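Per-entry structural report
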Number of protein chains: 2
Amino acid sequence: MSAKIVALSGGIGGAKLALGLSHVVAPDDLLIVANTGDDFEHLGLSISPDLDTLTYVLAGLDDRERGWGRANESWAFMDALGALGGETWFALGDRDLALHVERTRRLKAGETLSQVTATLSARLGVKPAIVPMSDDPVRTRLKTARGWLDFQDYFVRLHCEPAVEEIFFAGAASARPHPRLIAALHAPDLRAVVICPSNPLISIEPILAVPGIRTALAAVKAPVVAVSPIVGGAALKGPTAKMFAELGVTPSAEAVFRRYEDLIDILVVDETEAPLPTDLRPRTRAAQTIMRTLEDRVALARAVLAAADGPGSRI
Amino acid sequence: MSAKIVALSGGIGGAKLALGLSHVVAPDDLLIVANTGDDFEHLGLSISPDLDTLTYVLAGLDDRERGWGRANESWAFMDALGALGGETWFALGDRDLALHVERTRRLKAGETLSQVTATLSARLGVKPAIVPMSDDPVRTRLKTARGWLDFQDYFVRLHCEPAVEEIFFAGAASARPHPRLIAALHAPDLRAVVICPSNPLISIEPILAVPGIRTALAAVKAPVVAVSPIVGGAALKGPTAKMFAELGVTPSAEAVFRRYEDLIDILVVDETEAPLPTDLRPRTRAAQTIMRTLEDRVALARAVLAAADGPGSRI
């Protein structure tokens, strides 16, 4: 039996590392678990942004500039929808739309989100398994200066502008963790769990909020290695740093570490970071975490696995 | 009060005449009533082909070559859907898709099909009112050599190939006629009812199958003028002639007349047609019914109105 890697991921930052991992781990040995707290229903369609980003990135179909959606995309649908007075704040490309329409159709026909994801990602040529953290709906909601907001309202419609006071994962308490995740965490051949450089607050913690996942993670014998999405006090993409600050925490690699402290063995921080406090140093590893090219993605994947496989990876 | 025209129409053949009428009748004086027996749910979307064709034609957005959908259309969605293994037998252009998505969203939000049609056709610049024959669902089904088929299965997926033995308008018996149609038929200022050159069997008769419409039509004081969609024993488009033959009736202008006999005052037949039987001749008018250009559409509209307004238009 070969050793297995479990990767927990949100959108583009996590997906880049997941792609890197897919180059250095056999497809059957990689289980990518996606946050579905960003999922929502829009225009009658079931949209799963993180699953979609992972699917497109792993299929090589993603738009590298935007960080979401498909490359070579066209927007005729969106233009026509605007002319009809429809809602256009959430951009859906013509090709991307097919994924949402087909997923929605299959969900309504009774398939689980897992089944739909497996079928459609396979059709697009994705080899490793991408699974939602749960087949039950979990919806991230944010208490802000403008009241409680649905995630995409906050994230896309309001461009993350309202200050975040509190984050709630609606539905998480009664959601069932994906059985493949729990099985992988319990399996004797688990090599490592990788927490991808996604936003801890809204990409990884929704996964951890699903009952059973945090406990199973805490109990794994294999090393748990996270990659900090914060470099030099800022996030490469998205509101990670801003949200940390709004919640009263100075955004830093250390803050990421403290957030994961009881779960991880090692935090991989960017090589440009100032040293972390002495007590954390034995559990940090430095690497180039900014992934501009495919080579960067692969190199970070190798660094993460080296950290997991190396000495001192289990505290 | 100005005199009103009610036009009953199916898809492209009827829509061409409706466009002609819209050029010679004030927008407020024209009520276009669409067959909704072709409507269906596909890919989770509520699709109303005849309403859509009428909307696109009246808005000047229609594709003149195909006879359905929008001009300057692109097919990125359809290509992507095919790559995902989705159903591609019913072609939905990227721009056209916006209409179905927005209609579906509005219907689910509780709007009636009439309200949706009014809002969206107005957004596209359509001036005359286009209304569905009913806001209640009616679904044309066909008994064929291959069993009972839903309309679009027969019409699009199977290219009208199976021989038709029987036609049934599911839901018609409990459908309520559109109140604007009934009001217009009862109004003292009704100038004429025009039955457009659509397939009598599957475009006009679904309308007539909605309780109250046939009775109201039979009672109108204003002339009822139909235009034969059959010229020289064939239909310009669609399966009209083939279906007549399969149902044991030689396809001809006469057959159209017999089908409508108890409802219409006048049948406009193509100028190239051989004379109809003597008993029908006083109730026929000849005109160029083949509408290649906008001028043809306007000329036929004028001929139809002249037939309605002229002597001998009420039998």
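Notes on the structure follow.

Scoring rules and cut-offs
- Residues numbered from 1 in each chain as written.
- Chains lettered and ligands numbered in written order.
- Predicted model: local features only at pLDDT ≥ 70, side-chain atom pairs only at ≥ 80, totals over all residues.
- Heavy atoms only, no water.
- Helix = DSSP H or I, 4+ residues; strand = E, 2+ residues; numbered from the N terminus.
- Rg over C-alpha atoms; globule rule 2.2 N^0.38 Å.
- Buried < 20%, exposed > 50% of the residue type's maximum accessible area, 1.4 Å probe, protein only.
- Contact = heavy atoms within 4.5 Å.
- Areas by Shrake-Rupley, 256 points an atom, 1.4 Å probe, with all protein chains shown as cover.
- Lys, Arg positive; Asp, Glu negative; His and termini not counted.
- Charge placed at Lys NZ, Arg CZ, Asp CG, Glu CD.
- Least-squares fit on C-alpha atoms with pLDDT ≥ 70 in both.
- Axes fitted to C-alpha atoms, helices over the stretch in contact; angles between N-to-C directions.
- Parallel < 35°, antiparallel > 145°, perpendicular 65-115°, else oblique.
- Left-handed = near helix turned anticlockwise from the far one by under 90°.
- Nonpolar A, V, L, I, M, F, W, Y, C, P; charged D, E, K, R; others polar.
- Buried area = accessible area lost by both parts, 1.4 Å probe.
- Pairing = 2+ DSSP bridges.
- Polar contact = N/O pair within 3.5 Å; in protein donor to acceptor, adjacent residues only side chain to side chain.

Another aspect to go through is the overall build of chain A. Tallying secondary structure elements over chain A gives twelve helices and 14 strands in all. Relative to the compact-globule value of 20 Å for 315 residues, chain A shows a C-alpha radius of gyration of 19 Å, a close match. Across its three principal axes, chain A shows a C-alpha extent of roughly 60 × 45 × 40 Å. Counting every position in chain A, which comprises 315 residues, the buried fraction comes to 57%. The contacts in chain A between residues at least 6 apart in sequence include a share of 68% that link residues at least 24 apart. Accessible surface computed for chain A: about 12200 Å², of which carbon and sulfur atoms make up 53%. When the 33 basic and 38 acidic side-chain charges of chain A are each reduced to a single mean position, those positions are 3 Å apart.

Note on the copies: chain B fits chain A at an RMSD of 0.0 Å, the axial shift is 0.0 Å, and the rotation between them is 180 degrees. This pairing of chains is accounted for by a two-fold axis. Using C-alpha coordinates, one finds that chain B approaches the rotation axis most closely at D94 of chain B, a distance of 3.1 Å. The fraction of interface residues of chain B whose copies in chain A are also interface residues reaches 100%, indicating that both copies meet through the same surface.

This part is about the packing of helix α8 (residues 200-208) of chain A against helix α11 (residues 253-260) of chain A. For any two helices packed against each other, the geometry is given by the interaxial angle and the distance between the axes. All names here are of chain A. At their nearest, the axes of α8 and α11 sit 12 Å apart, and the two run at 20 degrees to each other. Regarding the angle of α8 to α11, the classification is roughly parallel. Taken as a pair, α8 and α11 cross one another with a handedness that is right-handed. Each of P200, L201, I204 and E205 in α8 lies in contact with α11, whose residues at this interface are V256, R259 and Y260. Residues that form the contact of α8 with α11 fall into these classes: five nonpolar, no polar and two charged.

Much of the literature gives interface size as the accessible area that the parts lose upon coming together. Between chain B and chain A, the contact holds 26 residues from the first and 26 residues from the second. Between chain B and chain A, roughly 2200 Å² of surface is buried when both sides are summed, and carbon and sulfur atoms account for 69% of that area. Breaking the side of chain B that touches chain A down by element, the ones donating at least two residues are α3 (76-83), α4 (94-108) and α5 (113-123) of chain B. Among the elements that make up the side of chain B that touches chain A, the one with the highest residue count is α4 of chain B (nine residues). The class makeup of the residues in the side of chain B that touches chain A is 13 nonpolar, five polar and eight charged.

Residues and elements named next belong to chain A. Reading across the sheet, the seven strands line up as β5-β2-β1-β9-β10-β13-β14 and stay open at both edges, with parallel pairing between neighbours. Of all the strands in the sheet, the pair left with one neighbour each is β5 (129-132) and β14 (284-287). Across the sheet, the axes of successive neighbouring strands diverge by a mean angle of 25 degrees, strand direction being ignored. One ladder, built from three bridges, connects strand β10 (residues 224-227) with strand β13 (residues 266-270); its direction is parallel. The residue of β13 that forms the bridge with V225 is I266. Along the sheet face, α11 touches β9 (190-195), β10, β13 and β14 and points at about 165 degrees away from the line of β13.

Moving on, we get to the environment of R141 of chain B. All names here are of chain B. Along the chain, the position of R141 falls in strand β6 (residues 139-144). Between the C-alpha atoms of R141 and F40, which are 101 residues apart in sequence, the distance is 11 Å. The residues touching R141, leaving out its near neighbours within four places in the chain, are W148, L149, D150, E166, I167, F168 and A170.

The strands making up a sheet associate through backbone hydrogen bonding, with each pair oriented either parallel or antiparallel. Residues and elements named next belong to chain B. On the basis of which strands lie adjacent, the open sheet formed by seven strands has the order β5-β2-β1-β9-β10-β13-β14 and parallel pairing. At either margin of the open sheet sits one strand with a lone partner, and together these are β5 (129-132) and β14 (284-287). Strand-to-strand twist of the sheet, defined as the mean angle between neighbouring strand axes without regard to direction, takes the value 25 degrees. Relative to strand β1 (residues 4-9), helix α8 (residues 200-208) is tilted by about 125 degrees, and along the sheet it contacts β1, β2 (30-34) and β9 (190-195).

With that settled, consider the side chain of D270 of chain A. Residues and elements named next belong to chain A. Here D270 is to be found in strand β13. Within polar-contact distance, the side chain of D270 engages the side chain of T272 at 2.6 Å. At 2.8 Å, the side chain of D270 and the backbone nitrogen of T289 are in polar contact. Those residues in contact with D270 that sit more than four places away from it in its chain are V231, A287, Q288, T289 and I290.

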